[in-house]
Amino acid sequence: AQLDTLDIIVLAALLVGTIAYFTKGTYWAVYGDPYGNSLATSNGAAKAGKSRNILEKLDESDKNCVVFYGSQTGTAEDYASRIAKEGHSRFGLNTMVADLEDYDFDNLDQFPDDKLAVFVLATYGEGEPTDNAVEFYEFINSDDISFSEGASAEDKPLANLKYVAFGLGNNTYEHYNSMVRNVDKALTKLGGTRLGAAGEGDDGAGTMEEDFLAWKEPMWTAVAETLGLEEREAVYEPVFSITEKPELDAEADEVYLGEPNKNHLEGSQKGPFNANNPFIAPITESTELFTVKDRNCLHMDISIAGSNLSYTTGDHIAIWPNNPGKEVDRFLSILGLASKRNTVVAVKGLDPTAKVPFPSPTTYDAIARFHMEICAPVSRQLVSAIAQFAPNDDVKAEMAKLGSDKDYFHAKVTERNLNLAQLFDILTKGEPWTQIPFSLMIEGLLKLQPRYYSISSSSLVQKDKISITAVVESISKPGAPHILKGVTTNYLLALKQKQHGDPDPDPHGLNYAITGPRNKYDGVHVPVHVRHSNFKLPSDPSKPIVMVGPGTGVAPFRGFVQERAAQAKAGQKVGKTILFFGCRRKQEDYIYAEEWEQYKNDLGDSFEMHTAFSRDGPDKVYVQHLIEKHADDVNKLLDQKAYFYVCGDAANMAHDVNNLLGKLIASHRNVSAEKGKEIVKAMKASNQYQEDVW
Ligand code: FAD
């Protein structure tokens, strides 16, 4: 038989993969981090040759309180800034915010007893530290920890350390808030003294903000008491200076119009591409996967050829969005900045420790469009802080009420999915809010975050082309004045429409600047970087696997099955490959229906797909029901050490499947329910059970 080009590519990839497997990646080490996003490259302090000594830094900048953050998506960083600001404005603490990865911790035993360290720590995935907290976490938990003065754990080396701790977690994960819990335990064990309770915010219950607000008051009381601080009338003090530069034209070469860094500004994007430096990638193909008109699910192929980026099946790709023009206009108008949108501004930290979250000089337009989460839910604390700058006394009173009454705020703002500009607009009926210092907007709004997508292709089959599978977010709620449009997915939808020369490329009037700053993303391009994940196929393809992925949860499994089909075609022995998939209707949102048929041809009996269509029959059938129906097979495969994978909705499905598996094991192996749960736990610990949930 003749080999076609794809076969040859796949065979070559298999050979390379086999060498990589047997050499355990030794040869790759020569080329550095295969994912192009190693921690070392993003290590700001080290790279800039700055000191990694936090005690020196505190002394130099005359600070007595450092707020460290371990943050993945920017939320923990935002809470850290808020604590730092409040500590200063209410209690006169001289605070600074610090990225955990910018400092060393072996001199924490010298931390002066009249200073305060605050740790704001997000827990990531399966109880892991965020990327920037890995080194700190390993240090503080190491069995043979030793400090610069030679003190060991038994000496209670942190007896001088006074600290405060707040964690950001999600109760739908098993290791809920494990970062803050473990760090707190470690610090206490080493002799540190915690002030106040260790706070725990719960994203799973949607109460992060309220948990934070409830935790911080008693914490401040404890801090004030211990450090002998007096509360003062909080006056707003800006963190950033914003200087308008009318002499500079927005088109001038040195003005950032949304470019993420200097290389991009100078028009020569250079690797390594990572979380600080996106690659402007061509979208080579985009298609609609649903057949209904009112919902969209996008399949996109993104080329990383020539970028030196690489991925392995199961990794994530980050898409760097920009905000829709419609919301940028609303935001600038309501702040009275519409006529100044292209005015050049230089933004600087008023304190040497304050980091400006985007490059400067830039314009108001670029800040709102490319750098701030202007569409995000509004925080109650921000509403409180802004109240004093409302345009009149009635609105001031209403803002103060919203800021202080949790239930009222929930009903009026959160429940109605309002963003900040929409709230302002409603409160003043369009009258602009011209008294708000722009610094407060930069401080109060999150930095615009890349969104992650589970890569839905196999790196073996298409090493330079990353596929994604994304549902376009569009939420209308009764009583809400606007339809909530997901920032990134609607941006991707607009790009798809452009690619297809759609006569009506902007059905919702969102008006994205899809050609990017200075048209640098013209054609059909999107800024991306790749993130490594632990969600991985067994290295031996003959091992059986069971996958549970309803809806877009099937994304990584398209990659898994694509890979195993290629391996089977190349003559490798491939083990049982079972996929449980669910969606609403076979004719509407059964994504990749034809591809699955193709994979069945390639894999033969080793591939089984079980589908649940919740709205096609009289009874609602979900993947959980399918698993129950095929419980015997699942149990048998688990006995043969099958890998078990779950992807998709963290809040309900993943949780249910986890519990169901425990029960299934208990009943099939005749052990107690408790033992069933333990077995599932052990499977997770040994990576036999893997989750990719969001
Ligand atoms: P956003 O604008 O970020 O909005 C997202 C949600 O936030 C809204 O639905 C709403 O609930 C809330 N929200 C936003 N604004 C407001 C407001 N003003 N008021 C109240 N609530 C608000 N998605 C996929 O489709 N496919 C995948 O394969 C995939 N893989 C993922 C893998 C990982 C590891 C992670 C973390 C996430 C993954 N996601 C995936 C989800 C994806 O990252 C995005 O969260 C999703 O596409 C929505 O992004 P968006 O920018 O369009 O929406």
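Read on for an overview of the structure.

## What to know about the overall build of the protein chain
Scanning the protein chain from terminus to terminus reveals 24 helices and 23 strands. In terms of C-alpha radius of gyration, the protein chain reaches 26 Å, essentially the compact-globule figure of 26 Å for 694 residues. In terms of principal-axis extent, the alpha carbons of the protein chain reach across some 80 × 70 × 55 Å. Residues classed as buried in the protein chain amount to 53% of the 694 residues present. Counting contacts in the protein chain only where the partners sit at least 6 residues apart, residues at least 24 apart contribute 77% of the total.

## Here we look at the packing of aromatic side chains
One pass over the full model with this rule turns up 31 aromatic pairs. Centre to centre, the rings of Phe 166 and Trp 215 are 4.8 Å apart; their planes meet at 40 degrees, and the pair counts as tilted. Residue Phe 166 is found in strand E5 (residues 162–169), and its partner Trp 215 is found in helix H8 (residues 208–227); the two are separated by 49 residues along the sequence. A relative accessible area of 0% means that Phe 166 is categorised as buried. When the centroid spacing of 5.1 Å and the interplanar angle of 45 degrees are considered together, the rings of Phe 644 and Tyr 689 count as tilted. Within this pair, whereas Phe 644 is found in strand E22 (residues 643–648), its partner Tyr 689 is found in strand E23 (residues 689–693), the two being separated by 45 residues in sequence. Chaining the aromatic ring pairs together yields one cluster made of Phe 68, Tyr 103, Phe 105, Phe 119, Phe 136 and Tyr 163. The lysine or arginine in question, Lys 401, covers the ring of Tyr 408, its NZ or CZ lying 3.9 Å from the ring centre. Stacked on the ring of Tyr 689, the Lys or Arg Lys 684 has its end atom at 5.0 Å from the ring centre.

## Let's talk about the site of the ligand
Close contacts around the ligand come from 24 residues, with Tyr 452, Tyr 453, Glu 473, Thr 488 and Thr 489 the closest. Leu 418 has a polar backbone atom sitting 3.4 Å from a nitrogen atom of the ligand. At 2.9 Å, a backbone N or O of Val 487 approaches an oxygen atom of the ligand. Notes on the ligand: free accessible area 960 Å², of which the protein chains cover 78%. Only strand E14 (451–454), strand E15 (465–471) and helix H17 (487–499) provide two or more residues apiece to the shell around the ligand. When residues in the shell around the ligand are grouped by element, the largest group, 4 residues, is from E14.

## So, the sheet that holds strand E19 (residues 545–548)
Strand pairing within a sheet occurs via backbone hydrogen bonds; the two strands may be parallel or antiparallel. Taken in spatial order, the 5 strands make up an open sheet running E21-E20-E19-E22-E23, and their pairing is parallel. Edge strands, defined here as strands with exactly one partner in the open sheet, are strand E21 (607–613) and E23. Within this sheet the neighbouring strands show an average axis-to-axis angle of 10 degrees, counted without direction. Pairing geometry for E19 and E22, over 4 bridges, is parallel.

## Focus: the sheet that holds strand E8 (residues 240–244)
The 3 strands are arranged E8-E12-E13 in an open sheet whose pairing can be described as antiparallel. Strand pairing shows two members of the sheet lacking a second neighbour, E8 and strand E13 (362–363), which therefore form its edges. Here strand E12 (residues 344–349) runs beside E13; their pairing, made up of 2 bridges, is antiparallel. When the sheet's bridge partners are listed, Val 345 is paired in E13 with Thr 362.

## Observations concerning helix H7 (residues 178–189)
The first and last C-alpha atoms of H7 sit 16 Å apart over 12 residues, in line with the 16 Å expected at 1.5 Å per residue. Every buried residue of H7 is accounted for by Ser 178, Met 179, Val 180, Val 183, Asp 184, Ala 186 and Leu 187. Tucked into the core, H7 has its buried residues touching strand E3 (116–124), strand E4 (128–129), helix H6 (134–141), E5, strand E6 (193–194) and strand E7 (199–202). Positive backbone phi, approximately 105 degrees, marks Gly 191, located one or two places after H7.

The rules behind these values
Residues numbered from 1 in each chain as written. Predicted model: local features only at pLDDT ≥ 70, side-chain atom pairs only at ≥ 80, totals over all residues. Heavy atoms only, no water. Helix = DSSP H or I, 4+ residues; strand = E, 2+ residues; numbered from the N terminus. Rg over C-alpha atoms; globule rule 2.2 N^0.38 Å. Buried < 20%, exposed > 50% of the residue type's maximum accessible area, 1.4 Å probe, protein only. Contact = heavy atoms within 4.5 Å. Phe/Tyr/Trp six-rings, centres within 6.5 Å; stacked < 30°, edge-to-face > 60°. Lys NZ or Arg CZ within 6 Å of the ring centre and 35° of its normal. Near = heavy atom within 4 Å. Polar contact = N/O pair within 3.5 Å; in protein donor to acceptor, adjacent residues only side chain to side chain. Areas by Shrake-Rupley, 256 points an atom, 1.4 Å probe, with all protein chains shown as cover. Pairing = 2+ DSSP bridges. Axes fitted to C-alpha atoms, helices over the stretch in contact; angles between N-to-C directions. Expected span 1.5 Å × (residues − 1).

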